[in-house]
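Below are the chains, spelled out letter by letter.
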Amino acid sequence: MARAGVADTVKTWANAARGLALGRNEKPAILPVSRPGAPNVVDADIPVDIGCIKVFRSENFPESGPTPWLDQPDAAETIERRLARGELTPKQAEMCRFWVENGYYVARGAVDPDTIDAAWAAYEAAIARGDITLAPEKATDDDPHPGRYLNPHLTVEELDHLLEHPVLFNFSSMVLGRRAIPFQTIASHKGSQQSEHSDSIHMTTYPLGYLAACWVAMEDIHADSGPLVYYPGSHRLPYVFSHDVGISTEDFREKGYAAYAERYEPAIKHTIAEHGIAPQRFLAKKGDVLFWHANLLHGGSPRNDVSRSRKALVHHYFAEGCVCYHDLSATTSAVHGPVESLPTCGASSPDIKRRSQIVRS
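Residues numbered from 1 in each chain as written. Predicted model: local features only at pLDDT ≥ 70, side-chain atom pairs only at ≥ 80, totals over all residues. Heavy atoms only, no water.

Moving on, we come to the packing of helix α2 (residues 75-84) against helix α3 (residues 90-102). At a minimum axis distance of 10 Å, the contact between α2 and α3 shows a crossing angle of 175°. Relative to α3, the element α2 lies roughly antiparallel. Along its contact with α2, which presents A75, I79, E80 and L83, the element α3 presents P90, A93, C96, R97 and V100. Partitioned by chemical class, the residues of the contact of α2 with α3 number 7 nonpolar, no polar and 2 charged. (Axes fitted to C-alpha atoms, helices over the stretch in contact; angles between N-to-C directions. Helix = DSSP H or I, 4+ residues; strand = E, 2+ residues; numbered from the N terminus. Parallel < 35°, antiparallel > 145°, perpendicular 65-115°, else oblique. Contact = heavy atoms within 4.5 Å. Nonpolar A, V, L, I, M, F, W, Y, C, P; charged D, E, K, R; others polar.)

Taken together, the 3 strands give an open sheet; going across it, the order is β7-β6-β9, and neighbouring strands pair in antiparallel fashion. Looking at strand neighbours, the two that pair on one side only are β7 (280-281) and β9 (298-300), the edges of this open sheet. Pairing between strand β6 (residues 228-230) and β7: 2 bridges, direction antiparallel. Bridge pairing links V229 to R281 in β7. (Pairing = 2+ DSSP bridges.)

Bringing the sheet that holds strand β3 (residues 180-188) into the picture now. One open sheet holds the 6 strands; their spatial order is β1-β8-β5-β10-β3-β2, and the pairing between them is antiparallel. At either end of the open sheet lies a strand with only one pairing partner, and these are β1 (104-107) and β2 (149-150). Of the strands in this sheet, β1 and β8 (289-293) are in contact with α3, which crosses β1 at around 135°.

Mapping P68 onto the fold places it in the loop between α1 (3-17) and α2. For P68, a relative accessible area of 4% gives the class buried. C-alpha separation for the pair P68 and R178, spaced 110 residues apart in sequence, amounts to 8.8 Å. The residues contacting P68, other than those within four sequence positions of it, are L208, G209 and Y210. (Buried < 20%, exposed > 50% of the residue type's maximum accessible area, 1.4 Å probe, protein only.)

Structure below.
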């Protein structure tokens, strides 16, 4: 798509988004003003010099706030106060109440069909040109659909612009209480059949909880295609990280995701059974979007008919002022924004030498 076409599409999004999912014609929810600080200072109650953290695992960060505003004990009262002050519309307040209780929200028809079709066509064109190569990831010998692809937005301009769709960006910013920063996408032609998990073991933030995800249906989703499954209310369970289930950095280095399958996945299944949490399936129409909390348990249901596709694009956003890292592999993902430097240990000035830049990936 030419730049002029992209600009026209963005204008169309802005017009279509008004009054649709966020229930506000003139602007998104008013976010709290970020606390002042140096560009490399993480916005946390307990400051850390991230340059001194040698191993990026949850146990190496302090237990620190601030907790995301909708995770705080007085979230219900805060919603009502913000509604009374005009910082939220009645529709936005309703969304926030639902998020507090359930840890997810479904925005029906949030992205218009023309935008969906154009974005997916651009993705397929990139595959046809050889710009993107998909692994088979066959579930059965007769599985006709290719596997998932990480970060297609880095190659496909239309998918990159979809990250900034006003409904997706504004809703994520609202529930995080800070400006949402997109940093990862996953495109899929078929159901993942992935075991239940919380995104926070894969995309951990400091402070904790400043991650939001959204799953965009790129076609109507059939019940036999392996729909996304999620567990309402599970976001209120304790976070589970690698060290909680005995996965050391050495375990992951030697075994990779085999260690995750051996220890983390059974622990999550046990938690679900122990708490008796009932699953729901996302039987979406094209353009429907499921948003979920950093700690909501979710996965992929069985593909009862492997011939059926389940085209989708997952976006992940973290909040401005946070560190985002991968707890399993103990590596950083991003700091503050799509491209940001980490200071060396003890650095307090932007003039001091820093580590290499971290790119959006």
